[in-house]
Amino acid sequence: MERIEQHACFGGLQEVWKHSSSTLSCDMKFGIYLPKAATQGKKCPVLYWLSGLTCNEQNFITKAGAQRYADEYGMIVVTPDTSPRGEDVPNDPAYDLGQGAGFYLNATQQPWAKHYRMADYIVDELPALIEKYFPANDKRSLSGHSMGGHGALMLALRNPERYRSVSAFSPIVAPSQVPWGVKAFTNYLGDDRATWHQYDTVALIQARHPSTPVLPLLIDQGDADEFLEPQLKPQLLRDACQLAGYPLALNLRTGFDHSYYFIASFIGEHIRFHADCLK
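Definitions and limits used
- Residues numbered from 1 in each chain as written.
- Predicted model: local features only at pLDDT ≥ 70, side-chain atom pairs only at ≥ 80, totals over all residues.
- Heavy atoms only, no water.
- Bend = angle between axes of the 7 residues up to and from the residue.
- Helix = DSSP H or I, 4+ residues; strand = E, 2+ residues; numbered from the N terminus.
- Buried < 20%, exposed > 50% of the residue type's maximum accessible area, 1.4 Å probe, protein only.
- Polar contact = N/O pair within 3.5 Å; in protein donor to acceptor, adjacent residues only side chain to side chain.
- Phe/Tyr/Trp six-rings, centres within 6.5 Å; stacked < 30°, edge-to-face > 60°.
- 1 Å grid on protein atoms, 1.4 Å probe; cavity = no way out; pocket = protein on both sides within 12 Å on 5 of 7 lines; lining within 4 Å.
- Points joined across faces, edges and corners; volume = space filled by probe spheres on them.
- Nonpolar A, V, L, I, M, F, W, Y, C, P; charged D, E, K, R; others polar.
- Contact = heavy atoms within 4.5 Å.
- Salt bridge = Lys/Arg side-chain N within 4 Å of Asp/Glu carboxyl O.
- Core = buried A, V, L, I, M, F, W, Y, C linked by side-chain atoms within 4.5 Å.

A. Expanded view of helix H10 (residues 260-278). In the structure, H10 departs most strongly from a straight axis at Phe266, where the bend amounts to approximately 50°. Along H10, the positions that sit buried rather than exposed are Tyr260, Phe262, Ile263, Phe266, Ile267, Gly268, His270, Ile271, Phe273, His274, Ala275 and Leu278. The N-capping residue of H10, defined by a side-chain oxygen 3.2 Å from the backbone nitrogen of Tyr261, is Ser259.

B. Geometry of the packing of aromatic side chains. Taken as a whole, this structure holds 14 aromatic pairs when the rule is applied. Here Trp49 and Phe60 contribute two aromatic rings whose centre-to-centre distance is 4.2 Å and whose plane-to-plane angle is 20°, an arrangement assigned as stacked. With Trp49 in strand E4 (residues 44-50) and Phe60 in helix H2 (residues 58-63), this pair connects stretches of sequence that are 11 residues apart. No difference in accessibility class separates Trp49 from Phe60, as the two residues are buried. Considering the side-chain rings of Trp49 and Phe169, the 6.0 Å spacing of their centres and the 55° angle between planes classify their relative orientation as tilted. Residue Trp49 is located in strand E4, and its partner Phe169 is located in strand E7 (residues 166-169); the two are separated by 120 residues in the primary sequence. Judged by its relative accessible area of 0%, Trp49 is buried.

C. Region of the structure containing empty space enclosed by the protein. One pass over the full model with this rule turns up one cavity of 30 Å³ or more. The volume enclosed by the largest cavity comes to roughly 50 Å³. Within the residue set of the lining of the largest cavity, elements represented by two or more residues are H2, helix H3 (67-73) and strand E5 (76-80). For the lining of the largest cavity, a count of residues per class yields six nonpolar, three polar and no charged.

D. Focus on the side chain of Asn106. Along the chain, Asn106 falls in the loop between E5 and helix H4 (118-133). Exposure remark for Asn106: the relative accessible area of 9% places this residue in the buried category. Among the polar contacts listed, one links the side chain of Asn106 to the backbone nitrogen of Ala119, at a separation of 3.4 Å. Beyond its immediate chain neighbours, meaning those up to four positions away, Asn106 contacts Tyr116, Arg117, Met118, Ala119, Asp120, Leu189 and Tyr199.

E. Region of interest: the side chain of Thr23. Structurally, Thr23 can be placed in the loop between strand E2 (12-21) and strand E3 (26-34). Of the polar contacts made by the side chain of Thr23, one reaches the side chain of Glu125; its length is 2.7 Å. When sequence neighbours within four positions are dropped, the list of residues in contact with Thr23 reads Lys114, Arg117, Asp120, Tyr121 and Glu125.

F. Broad picture of unusual backbone geometry. Of note, the bond from Gln110 into Pro111 is cis; its omega dihedral lies within 30 degrees of zero at 5°. Structurally, the position occupied by Pro111 is in the loop between E5 and H4. You will see that Thr54, though not glycine, has its phi angle at about 75°, which is positive. Within the secondary structure layout, Thr54 lies in the loop between E4 and H2.

G. Region of interest: the pattern of salt bridges. Evaluated as defined, the whole model comprises 10 salt bridges. One salt bridge connects Asp81 with Arg85, and the closest N-O pair in it is separated by 2.8 Å. Residue classification places Asp81 among the buried positions, given a relative accessible area of 5%. Measuring nitrogen to oxygen at the nearest pair gives 3.0 Å for the salt bridge that ties Arg253 to Glu269. With a gap of 16 residues between them, Arg253 in strand E9 (residues 249-253) and Glu269 in helix H10 connect regions that are remote in the sequence. Given the relative accessible area of 37%, Glu269 is considered partly exposed. One salt-bridge network, held together by shared partners, links Asp220, Arg253 and Glu269.

H. Layout of the nonpolar core. Counting residues in hydrophobic clusters, the biggest one holds 67 residues, and the most contacted among them are Phe103, Ile130, Leu142 and Tyr188. Here this core gets eight residues from one element, more than from any other, and that element is H4. Once you skip the residues sitting within four places of it in the chain, Phe103 turns out to touch Leu53, Thr82, Asp96, Met147, His150, Met154, Ile172, Trp180, Gly181, Ala184, Phe185 and Tyr188. Membership of the second largest hydrophobic core comes to 19 residues, among which are Cys9, Ala70, Met75 and Phe266.

This is how it looks when you write it as structure tokens:
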């Protein structure tokens, strides 16, 4: 691994690292905030933040203002990129497919299948790396925004034994039913819609076995979000959770849009939520 950035931030350090990913067959970058407790050698829990379309590891660490809360609660925050990158990695001219738009799944279709295995990267390879080389314990939580909110909810529901809690801002909750998801899933997974359900939060809630562990689930959604009705549709998740008896805290925030102004306004509440669950 190579550290390519380090900045003093509140009581700790904001760093960016680059490493060679065997899962994605390319070099990857990730941001990591190390609170004061971690810099003093204490093993800390980890919140993984998954960003949205067009983003990389920089968006959250420079815009959300999460470091002050992470330092207060002694929490490491890891921010991976949103897709594999590089000249040899397939791409598409559109913003919602290819590099910057990995959708946190394992692609099965060509030309995507070799590199686009973000589900395995986020759940397995990246945590193993963090827990080996940084003062991190094995207590993990997930959060994210938009496409990353989809990733956080979906990966947590698929792997509830690996996480303590999950939250999201403006998530794509039913990608099988909205244009962003249909386009991505068709390209990455093929035309068989039955295979899409394993990466769809609403479908996972509907198919969940009652004996599966329940994770604390928090969602914030702005009512002035331009993507609310065409792409996000939080009511579909609310209805699925009600039918399944799955606890959901869904906050509809008046006047807020899809931007990082929204995230920065409520990130402190999300960090506190995860801190309580990670104790």
